[in-house]
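Residue-level structure breakdown
Chain residues, written in single-letter form:
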Amino acid sequence: MDAVQIVFLVLLWGVPIFRFIQIYRKLNEEEKAEIKASLKSPLYYLDDGFRYIGFLLMFSGMIALIPVIQHIGVSILFIGWFYGGLDLLDKSVKQSVAAMSISLIAAGAYFLIWR
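Below is a short write-up of the structure.

The rules behind each value
Positions within a chain are numbered from 1, following the residues in the order the chain's sequence is written. Two thresholds apply to this predicted model, a pLDDT of at least 70 for residue-level local features and 80 or more for giving and counting side-chain atom pairs, whereas whole-chain, interface and lining totals are computed over all residues. Neither water nor hydrogens contribute to the side-chain values; these are computed over all heavy atoms in the structure. Stacked, edge-to-face and tilted labels apply to pairs of Phe, Tyr and Trp rings (six-membered ring for Trp) whose centres lie within 6.5 Å, assigned for plane angles under 30 degrees, over 60, and everything in between, in that order. Each helix corresponds to a stretch of at least 4 residues labelled H or I by DSSP, and each strand to a stretch of at least 2 residues labelled E; elements are numbered beginning at the N terminus. With a 1.4 Å probe rolled over the protein chains alone, any residue whose accessible area is under 20% of its type maximum counts as buried; one over 50% counts as exposed, and the rest are partly exposed. Placement of a charge over a ring requires the Lys NZ or Arg CZ to be within 6 Å of the ring centre, with the centre-to-atom vector within 35 degrees of the ring normal. Only residues above 30% relative accessible area that lack a salt bridge enter a patch, with like-charged residues linked at up to 9 Å and the nonpolar side chains Val, Leu, Ile, Met, Phe, Trp and Tyr linked at up to 5 Å. All accessible-area figures derive from a Shrake-Rupley calculation using a 1.4 Å probe, and residue coverage is judged against the displayed protein chains alone. For this analysis, a salt bridge means a side-chain nitrogen from Lys or Arg found within 4 Å of a carboxyl oxygen belonging to Asp or Glu.

What follows covers the packing of aromatic side chains. Tallying each qualifying case throughout the model produces 8 aromatic pairs. With a centroid separation of 6.1 Å and an interplanar angle of 20 degrees, the aromatic rings of Phe-20 and Tyr-24 are classed as stacked. With Phe-20 and Tyr-24 both in helix H1 (residues 3–26) and 4 residues apart, this pair spans about one turn of that helix. Here the aromatic rings of Tyr-44 and Tyr-45 are separated by 5.4 Å at their centres, their planes lie at 80 degrees, and the arrangement is edge-to-face. Taking the relative accessible area as the measure of exposure, Tyr-44 reaches 25% and is therefore partly exposed. Above the plane of the ring of Tyr-24 lies Lys-32, whose end atom (NZ or CZ) is 5.4 Å from the centre.

This part is about unusual backbone geometry. Even without a glycine there, the phi angle at Leu-65 is positive, about 60 degrees. One can find Leu-65 in the loop between helix H3 (42–64) and helix H4 (67–87). What makes Leu-65 exposed here is its relative accessible area of 66%.

Here we take up a nonpolar patch on the surface. A cluster of nonpolar residues, Trp-13, Ile-17, Phe-20, Ile-21, Tyr-52 and Ile-53, forms a patch on the protein surface that exposes about 570 Å² of accessible area. Elements represented by at least two residues in the nonpolar patch include exactly H1 and H3. Top contributing element to the nonpolar patch by residue count: H1, with 4 residues. Accessibility expressed as a relative area gives 44% for Phe-20, which makes it partly exposed.

One pass over the structure, following the stated rule, counts 2 salt bridges. Across the pair Arg-51 and Asp-48 runs a salt bridge whose closest N-O atoms are separated by 3.2 Å. Taken as a pair, Arg-51 and Asp-48 lie in helix H3 at a separation of 3 residues, close to a single helical turn. You can call Arg-51 partly exposed: its relative accessible area is 24%. Linked by salt bridges that have partners in common, Asp-47, Asp-48 and Arg-51 make up one network.

And the structure:
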């Protein structure tokens, strides 16, 4: 890996972590307790966590030119999107089915293109 790739990887992982810490410090105690409670929930990681980590791994694989990391990131991302559709089921069945369908179609298209 050359220096440019390393700089992009450090920025890709460093900027979101730095921003999270910066925003977290500005919150009041009630909001901090709410974030701590959500971070302790395993369902948070299945939904939002999978999407964030999936994006980071996907772009890391693209930058580092390691397809295995990219494919793992995309798989995790699509699982997060699918679970997000399941989570949306309480609010709207149409939106939930649409989100899950788009997730499955996007996953199928990705793996057909990149196989």
